[in-house]
Amino acid sequence: MASNGIRDKVAIVGMGCTKFGERWDCGSDDLLIDASQEAIASAGVAIDDIDAFWLGTLGAGNSGLTLSRPLKLDYRPVTRVENFCATGSEALRNACYAVASGAYDLAMAIGVEKLKDSGYSGLTGIHQVGDGTRDSLTSPATFSFLAPSYSHKYGVDAEEMKEVMTRIAWKNHYNGARNPRAQFRKEVSLETISRSPRVAGELGVFDCSGVSDGSAAAIVCRAEDAHRYTDAPLYVKGLSFVAGPAAGPIDPDYDYTTFEEVVRSAEDAYRQAGVTNPRAQLAMAEVHDCFTPTELILMEDLGFAERGTAWKEVLAGTFDITGELPVNPDGGLKSFGHPIGASGLRMMFECWLQLRRQAPGDRQIKSVTEGGRTLGLTHNLGGGPGECVSFVGVVGSEPSA
Amino acid sequence: MTSGIGSWGVYLPYWRLEREAIAQALGGPGGRGSRTVASYDEDTTTMGVEAARLAVRPGGSVPEQLLFSTPSPAYQDKTNATTIHAALGLPQRVGAYDLVGSVRSGVISLTAAIRAATTAPTLAVISEIRTGLAGGTDERDSGDGAVAFSCVPDGAVAELISTASASEEFLDRWRVPGESESHQWEERFGETAYVPLAQSAFSDALKAADLSVEDIDHLVVTGLHTRAVRAVTPSLGVDATRLAPDRSVVLGNLGAAQLGVSLADVLERATPGQVVVVLQLADGADALVWRTTDELAAEQDRRRGSHLATVAEQLTSGRCDLPYAAFLTWRDQLHREPPRRPEPTRPGAPNMLRSEGWKYAFTASCCLACGFRHLPPARVCLRCKAVDQMEPERLAEVGGTVATFTIDYLAFSLGPPTVGVVVDFDGGGRYRCELTDFDPGDVAIGTRVQMTFRRFYTAEGMHNYFWKARTSAQEAKGGAAGSEINEEV
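Keep in mind that this is a model prediction, so the values were computed, not measured.

When its secondary structure is counted, chain A shows 14 helices and 11 strands. Here the C-alpha atoms of chain A give a radius of gyration of 20 Å, agreeing with the 21 Å that 2.2 N^0.38 yields for 401 residues. Counting across all 401 residues of chain A, residues that qualify as buried make up 61%. Relative to all contacts within chain A whose residues are 6 or more apart in sequence, the contacts with residues 24 or more apart total 79%.

Here it is, written out as structure tokens:
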């Protein structure tokens with residue numbers, strides 16, 4: 001895959017993130033105002049200092065007016081982007097490229113979603129007129145194909161597999177319980193998780209991410225200007241995004257134990273960032289744990305574990321907040337919640353806190369403070385197994401030597 | 001050369017409601033046996049498609065006309081036969097017409113098809129979904145099902161020798177459009193009206209065929225007025241051993257489809273050179289006299305070779321444990337709390353026309369450059385990226401194997417839970433779809449499935465049809481009721 005990357009050419013100099021959850025108190029306008037205000041405050045700039053905006057949302061509104069109207073922007077370019085669950089990351093990627101190109105000095109990427117105002121629990125989807133031939137399977141159902149396939153391929157029995165899934169949910173709830181901005185702030189016992197009512201296949205309620213409202217924002221500039229705004233910028237090391245041919249559902253060779261899109265975007269992002277051993281080099285990873293088996297498979301697709309071994313690593317605590325490579329130290333989609341357009345930027349917000357050693361003491365990861373690691377990864381996927389888009393980003397607190 | 005029936009197909013839905021289940025819910029005497037029940041995702045059109053698929057011989061002649069009859073059409077104004085036409089993947093030149101609204105219309109689709117078949121093969125399809133108010137005899141004694149006859153100019157297995165009719169205007173059973181149940185006048189009145197009409201049609205038909213009652217090898221008398229049927233039958237002078245067996249204890253009275261299903265049942269057991277008389281009581285009477293030909297034995301052999309289940313064999317298939325509450329829900333007689341999910345939205349008419357081959361005929365595309373099969377059909381090949389080098393390939397009659405599956409407890413369904421299966425088709429190609437007519441314990445990786453045409457939902461007055469998978473072997477489920485009843489019949 002041909003990409004040149006923009007390693008160390010762009011820096012994140014300010015970020016904001018609202019509390020996620022059932023925000024009956026806020027409309028999407030309020031969430032956008034709150035996230036953008038926190039971001040400009042953290043960069044020490046005024047809203048009119050931002051030259052261009054990228055707004056990511058799946059369904060909170062159409063066009064740049066969704067942002068320019070509530071923020072009363074002074075006739076600035078606002079690009080609305082949508083790329084399923086990778087929407088927030090896509091807004092960031094495009095803002096970074098705009099700054100890297102020299103077209104703008106200062107840009108904002110902001111994502112928002114207001115899922116709870118629909119009157120329905122769960123995702124309701126955006127309707128497009130079709131021929132009526134799609135099956136009615138829900139998102140949890142399409143992701144529930146993963147666990148039995150993984151079990152079958154690697155000889156993990158069903159009970160062990162359930163234990164692995166439960167461990168992932170338990171970990172993310174443990175982390176989220178320590179995060180004031182997370183939707184679910186309670187630790188949940190292994191027993192409660194494993195006995196939760198079935199939603200689809202082996203997935204119980206506690207294997208699914210939270211449906212949530214929220215917004216997050218980042219301000220980016222060229223790397224050489226970063227110290228004008230902050231003493232501790234985050235440097236963009238690699239940004240990769242791929243959309244696959246949606247081969248999985250129609251290709252008999254697909255076995256539901258990997259996301260090829262993730263493999264490809266990870267390879268590309270690592271190459272851009274100069275990462276050769278992600279498990280050893282990354283301080284942390286924020287990954288798209290929409291359902292617990294997804295996180296399991298991502299550990300292998302992102303190169304954190306050898307094929308067929310991630311389940312053992314999960315049980316061994318490798319990806320715990322105190323583990324060798326903390327994954328979703330902020331609680332992940334599982335307990336931070338998943339407002340589609342905001343999630344990618346929320347992940348980046350955790351890198352912003354952790355890599356700059358500004359996370360609260362009970363959540364600050366030691367891979368940074370003691371291990372001296374400086375790189376963080378964010379990952380989103382949108383769609384379903386075998387038919388998705390995938391984003392992988394790598395950022396770091398130090399410019400390369 | 002005389003036109004006649006070339007082949008037939010009988011579709012009886014998977015679900016059976018035991019009459020005892022009604023009694024348990026509502027009280028009162030139980031009654032023996034069961035009735036057939038169209039599933040929540042079936043209607044008279046989809047069942048017609050299933051019967052027609054069974055009647056069209058693989059590699060046999062393409063019907064040049066399709067006649068569809070049902071008292072309960074899925075649509076009015078819009079022709080339902082065109083849906084069946086599309087689902088069978090018939091050529092555009094084939095005319096497709098409805099003869100719908102009354103029970104009696106079933107017989108004319110068959111006789112008209114036989115007459116039309118003197119010039120070109122014609123397909124007659126008769127379908128029925130019948131119920132009544134909760135606790136009533138129509139609910140208890142009716143049944144759902146469909147039958148189709150492929151009528152051919154020559155090589156028929158049964159030729160129509162003569163017909164006779166008797167018509168009279170009297171109100172025995174009627175239903176105003178929009179009503180879900182029919183009304184009936186006092187039973188004894190109908191009996192009085194029907195008996196002489198039936199006797200007259202019967203004797204006229206025999207006279208026209210130059211036959212006497214002793215020549216009859218098989219006699220079928222059908223009608224929703226069972227009291228009149230019971231009164232007429234012995235009065236005709238046909239030996240009781242020549243009477244076709246009554247399957248209604250297990251299947252229920254299939255209304256408009258009863259005549260066809262009974263005829264098919266006879267053809268599955270008859271021998272060449274026999275005389276079969278079919279007499280239907282509906283707003284008068286119609287008698288049809290058939291003679292089986294030497295071709296019948298070969299057709300029976302072919303059907304055995306293709307593992308096509310006979311009507312007798314179908315008596316013990318399907319599941320008998322349908323809860324009465326589910327039955328009421330499916331027939332819209334029980335007003336249930338809707339799911340807290342958005343209503344399904346109707347598909348677009350232009351979208352459906354553009355994908356007609358896929359949506360209705362389950363036609364995939366096969367890459368001419370590398371042979372990769374695409375479901376749904378694609379213009380660009382997934383494997384070799386060749387553009388517009390595709391050949392359409394209908395996979396509706398191709399079996400498949402479950403590669404993986406899941407149970408979706410969240411998706412709304414009138415027959416929960418929804419089961420999603422990933423199907424690998426014989427000869428290549430994969431598709432993910434819903435499974436229907438299953439026992440959850442029977443679904444596993446490796447389960448054999450076949451495709452079935454179903455109504456997914458109705459939104460804004462528009463029915464949305466497409467295909468689902470069903471398990472191939474539909475053996476008796478839900479207790480021994482089926483086999484017990486079979487012995488009694």
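Now that the structure is up, let's keep going.
Glancing now at the overall build of chain B. Regarding its fold elements, chain B presents 15 helices and 21 strands. C-alpha atoms of chain B, sized along the principal axes, occupy 70 × 55 × 40 Å. Put simply, chain B has 489 residues, and 52% of those count as buried. For chain B, contacts bridging at least 24 residues in sequence account for 72% of all contacts bridging at least 6.

Before going further, it helps to spend a moment on the domain arrangement of chain A. Residues and elements named next belong to chain A. Along its sequence, chain A is carved into domain 1 (10-118 + 213-228) and domain 2 (139-206 + 234-396). For domain 1 and domain 2, the distance between their C-alpha centres works out to 24 Å. Listed by partner, the interface residues are 35 residues for domain 1 and 33 residues for domain 2. Among the elements that make up the side of domain 1 that touches domain 2, the one with the highest residue count is helix α3 (residues 87-100) (seven residues). Tallied by class, residues from the side of domain 1 that touches domain 2 come to 20 nonpolar, 10 polar and five charged.

Moving on to helix α13 (residues 340-355) of chain A. All names here are of chain A. When the terminal C-alpha atoms of α13 are compared, their 24 Å separation across 16 residues agrees well with the 22 Å that a helix rising 1.5 Å per residue should span. Extensive coverage of α13 is indicated by the burial of 16 of its 16 residues. Phi for Arg 357, located one or two positions after α13, is positive at around 60°.

Residues and elements named next belong to chain B. The strand order β15-β14-β16 describes an open sheet built from three strands, whose pairing is antiparallel. Pairing within the sheet leaves two strands with one partner each, and these edge strands are β15 (373-374) and β16 (390-394). In the sheet, strand β14 (residues 363-367) pairs with β15 via two bridges, with the strands oriented antiparallel. Looking across to β15, one finds that Cys 366 is bridged to Arg 373.

Further remarks concern the domain arrangement of chain B. For chain B, the domain assignment lists domain 1 (4-330) and domain 2 (362-395). In this structure, domain 1 of chain B and domain 2 of chain B have C-alpha centres spaced 40 Å apart.

The next subject is the environment of Ser 61 of chain B. Residue placement: Ser 61 of chain B occurs in the loop between α2 (44-55) and β4 (65-69). In sequence terms Ser 61 of chain B and Cys 151 of chain B are 90 residues apart; their C-alpha atoms lie 9.9 Å from each other.

Glancing now at the interface of chain A and chain B. Taken residue by residue, the interface counts 31 residues in chain A and 35 residues in chain B. Every element with two or more residues in the side of chain A that touches chain B is listed here: α4 (139-143), α5 (146-154) and β5 (198-200) of chain A.

Residue and element names in this part refer to chain B. Along helix α10 (residues 295-305), the positions that sit buried rather than exposed are Glu 295, Leu 296 and Glu 299. Down the axis of α10, the sector holding all buried residues measures 100°, keeping them to one side. Residues of α10 that are exposed and point more than 90 degrees away from the buried face comprise Asp 301, Arg 304 and Gly 305. Contacts from the buried residues of α10 go to β1 (4-11), β8 (158-167), α9 (258-267) and β13 (284-292). At the C-terminal side of α10, His 307 shows a positive phi close to 55°.

With that settled, consider the packing of helix α6 (residues 158-176) of chain A against helix α10 (residues 292-301) of chain A. All names here are of chain A. Following both chains from N to C, one finds α6 and α10 inclined at 95°, their axes separated by 8 Å at the closest point. The angle between α6 and α10 places the two elements in the roughly perpendicular class. Residues Val 164, Met 165, Ile 168 and Ala 169 of α6 touch α10, and the partners they reach there are Thr 292, Pro 293, Glu 295 and Leu 296.

Now for the environment of Ser 182 of chain B. Residue and element names in this part refer to chain B. Turning to its location among the elements, Ser 182 is positioned in the loop between β9 (173-174) and β10 (183-184). On the neighbour-count criterion, Ser 182 (19 C-beta atoms within 10 Å) is partly exposed. With near-sequence residues (within four places) excluded, Ser 182 lies in contact with Asp 138, Arg 173, Trp 174 and Arg 175.

Once that is clear, we can look at the pairing of β14 of chain B. Residue and element names in this part refer to chain B. Among the five residues that make up β14, four are buried, leaving the element largely enclosed by the rest of the structure. By the bridge criterion, five bridges tie β14 to β16 in an arrangement that is antiparallel. Among the inter-strand pairings, Ala 364 is bridged to a residue of β16, identified as Glu 393.

Each neighbour pair has its own omega, and for Leu 375 of chain B with Pro 376 of chain B the value is -5°, a cis peptide bond. Residue placement: Pro 376 of chain B occurs in the loop between β15 and β16. Note the cis peptide between Pro 416 of chain B and Pro 417 of chain B, where omega equals -5°. Tracing the chain through its elements places Pro 417 of chain B in the loop between β17 (400-408) and β18 (418-425). The phi angle at Arg 357 of chain A is positive, at roughly 60°, despite the residue not being glycine. Turning to its location among the elements, Arg 357 of chain A is positioned in the loop between α13 and α14 (366-369). Unlike most non-glycine residues, Asp 283 of chain B shows phi in positive territory, near 50°. Mapped onto the elements, Asp 283 of chain B comes out in the loop between β12 (275-281) and β13.

Ranked by size, the top nonpolar core spans 272 residues in total, and within it Val 220 of chain A together with Ala 148 of chain B carry the most contacts. Top element by residues in this core is α13 of chain A. It accounts for 10 residues. Those residues in contact with Val 220 of chain A that sit more than four places away from it in its chain are Val 10, Ala 11, Ile 12, Val 13, Ala 95, Cys 96, Val 99, Ala 107 and Ala 109 of chain A.

Residues and elements named next belong to chain B. Strands sit in the order β5-β4-β6-β7-β1-β8-β13-β12-β11 across an open sheet of nine strands; the sheet is mixed. Among the strands making up the open sheet, the edge pair consists of β5 (95-98) and β11 (218-223). Averaged over all pairs of adjacent strands, the angle between strand axes in this sheet comes to 20°, irrespective of strand direction. For β1 and strand β7 (residues 145-152), the ladder comprises seven bridges, and the chain directions are antiparallel.

Further remarks concern the packing of α5 of chain A against α10 of chain A. If you want to describe how two helices pack, look at the angle between their axes and the distance between the axes. Residues and elements named next belong to chain A. Between α5 and α10, the least distance of the axes is 9 Å, while the angle of their chain directions is 45°. Relative to α10, the element α5 is oriented oblique. Taken together, the residues of α10 that come into contact with α5 (itself represented by Leu 146, Ala 147 and Tyr 150) are Pro 293, Thr 294, Leu 296 and Ile 297. Of the residues that constitute the contact of α5 with α10, the class distribution is six nonpolar, one polar and no charged.

Residue and element names in this part refer to chain B. The element β11 is extensively covered by neighbouring structure, given that six of its six residues are classed as buried. Neither face of β11 is left uncovered, since the one carrying His 218, Val 220 and Thr 222 and the one carrying Leu 219, Val 221 and Gly 223 both have all their residues buried. Relative to β12, β11 is paired through six bridges, and the arrangement is parallel. By the bridge assignment, Leu 219 is partnered in β12 with Val 277.

Attention shifts here to the confidence of the model for chain B. On average, chain B scores 93 in pLDDT, and the residues at 70 or more come to 96%. Low pLDDT (under 50) marks residues 474-489 of chain B, which in the prediction has 34 contacts with non-local residues, meaning those over four places away or in another chain.

The rules behind the values
Each chain carries its own residue numbering, running from 1 in the written order of its sequence. To label them, take the chains in the order written and letter them from A, then take the ligands in the order written and number them from 1. Totals for whole chains, interfaces and linings use every residue, but because this is a predicted model, local features are given only for residues with pLDDT of at least 70 and side-chain atom pairs only at 80 or more, for both listing and counting. Secondary structure elements are defined from DSSP: runs of H or I of at least 4 residues count as helices, runs of E of at least 2 residues count as strands, and each element is numbered from the N terminus. Throughout, the radius of gyration refers to the C-alpha atoms, and the reference size of a globule is 2.2 Å times the residue count to the power 0.38. Neighbour density around each residue's C-beta defines its exposure: 20 or more other C-beta atoms within 10 Å make it buried, 12 or fewer make it exposed, and counts between make it partly exposed, where C-beta atoms are placed from the backbone. The contact criterion used here is simple: two residues whose C-beta atoms, placed from the backbone, lie within 7 Å are in contact. For each domain, the first and last residues come from an automatic or database assignment. In this classification, the charged set is Asp, Glu, Lys and Arg, the nonpolar set is Ala, Val, Leu, Ile, Met, Phe, Trp, Tyr, Cys and Pro, and all remaining amino acids, among them Gly, are polar. Here a helix's expected span is defined as the number of its residues, less one, multiplied by 1.5 Å. Paired strands, as defined in this entry, are two strands with at least two bridges between them according to DSSP. To be clear, the arc concerns the directions from the helix axis to the C-beta atoms. Fitted lines through C-alpha atoms serve as axes, helices being fitted only where they are in contact, and the angles separating the N-to-C directions of these axes extend from 0 to 180 degrees. Put simply, angles under 35 degrees are roughly parallel, angles over 145 are roughly antiparallel, angles from 65 to 115 are roughly perpendicular, and the rest are oblique. Residues enter a nonpolar core if they are buried, belong to Ala, Val, Leu, Ile, Met, Phe, Trp, Tyr or Cys, and are joined to the set through C-beta atoms within 7 Å. Confidence per residue, as judged by the predictor, is encoded in pLDDT with a range of 0 to 100.

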